[in-house]
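The lines below spell out each chain.
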Amino acid sequence: MAMTTCNLTDKHCVPCEGGVPPLTEDEVAGFKAELHDDWTTDGVKLVRRFEFKGFAKPVYTANVAAFVGDKEGHHPDIAFGWGYCEVTFTTHAIDGLSENDFICAAKLDQIVAA
Ligand SMILES: C[C@H](O)[C@H](O)[C@H]1CNC2=NC(N)=NC(=O)C2=N1
């Protein structure tokens, strides 16, 4: 039976009330490899800065990030302005990164790239 790899975009976030350890550096590296190269992480936050001409696309991107977070119940911090939109995912309940952060980032990549 062929092993199917379950991509992050096929997954959904699970409610996180804390009580689980943050992802290790190796786990972070593994998940990060599934994301667009522009994502950066300090081990606690996962950040992607989108840069565009004008203001319309930053607003659109902020709304898409907000929609993904609301649908998944796992919410980003978003900063945007003329020429940019910066999206940050972190799991506040554990003060670190969880798979939820990478699921949301992958879903955002999928929509914005479309
Ligand atoms: C129960 C539910 O999962 C929590 O309240 C959620 C809500 N959204 C969240 N969003 C983020 N980024 N981190 C959290 O820890 C978090 N917790």
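In this report, we go over the structure that sits alongside the text. Throughout this document, residue positions are counted from 1 along each chain, in the order its sequence is written. A pLDDT threshold of at least 70 governs which residues receive local features in this predicted model, and a stricter bar of 80 or more applies before side-chain atom pairs are shown or counted, although totals over entire chains, interfaces and linings include all residues. With hydrogens and water set aside, each side-chain value is computed from the structure's full complement of heavy atoms.

**Some thoughts on the pairing of strand E2 (residues 46-51)**
- Two strands pair under a simple rule: DSSP has to find at least two bridges between them. We count a stretch as a helix when DSSP gives it H or I for four or more residues in a row; a strand needs E for two or more, and each element gets its number in order from the N terminus. Bridge count between strand E1 (residues 40-41) and E2: two bridges; the pairing is antiparallel. What sits directly across from Thr 41, in E2, is Leu 46.
- Between E1 and E2, which pair antiparallel in sequence order, lie four residues; one of them, Gly 43, sits at a positive phi of approximately 95 degrees.
- Relative to strand E4 (residues 84-89), E2 runs antiparallel, the two being bridged by six bridges. When the sheet's bridge partners are listed, Leu 46 is paired in E4 with Phe 89.

**Concerning the state of the cysteines**
- Two cysteine sulfur atoms form a disulfide, by the criterion used here, when they sit within 2.5 Å. Summed over all chains, the structure comprises zero disulfides.
- Note on Cys 13: no disulfide assigned, nearest cysteine sulfur contributed by Cys 104 at a separation of 3.5 Å.
- For the exposure calls, accessible area comes from a 1.4 Å probe over protein chains only, and a residue counts as buried if that area is under 20% of its type's maximum, exposed if over 50%, partly exposed in between. With a relative accessible area of 12%, Cys 13 lands in the buried category.

**Remarks on the packing of helix H2 (residues 56-72) against helix H3 (residues 99-113)**
- Interaxial angle, 0 to 180 degrees, is taken between N-to-C directions of lines fitted to C-alpha atoms, where a helix line uses only the stretch in contact. The N-to-C vectors of H2 and H3 enclose an angle of 135 degrees; their axes lie 10 Å apart at closest approach. For the element pair H2 / H3, the angle class is oblique. Once H2 is placed against H3, the crossing between them reads as right-handed. In this structure, H2 contributes Tyr 60, Thr 61, Val 64, Ala 65, Val 68 and Glu 72 to the contact, and H3 contributes Ile 103, Cys 104, Lys 107, Leu 108, Ile 111 and Val 112. Working rule for angles: under 35 degrees goes down as roughly parallel, over 145 as roughly antiparallel, 65 to 115 as roughly perpendicular, anything else as oblique. By convention, the crossing between two helices is left-handed when the near helix turns anticlockwise from the far helix through less than a right angle, and right-handed when the turn is clockwise. Every residue pair with non-hydrogen atoms within 4.5 Å of one another is taken to be in contact.

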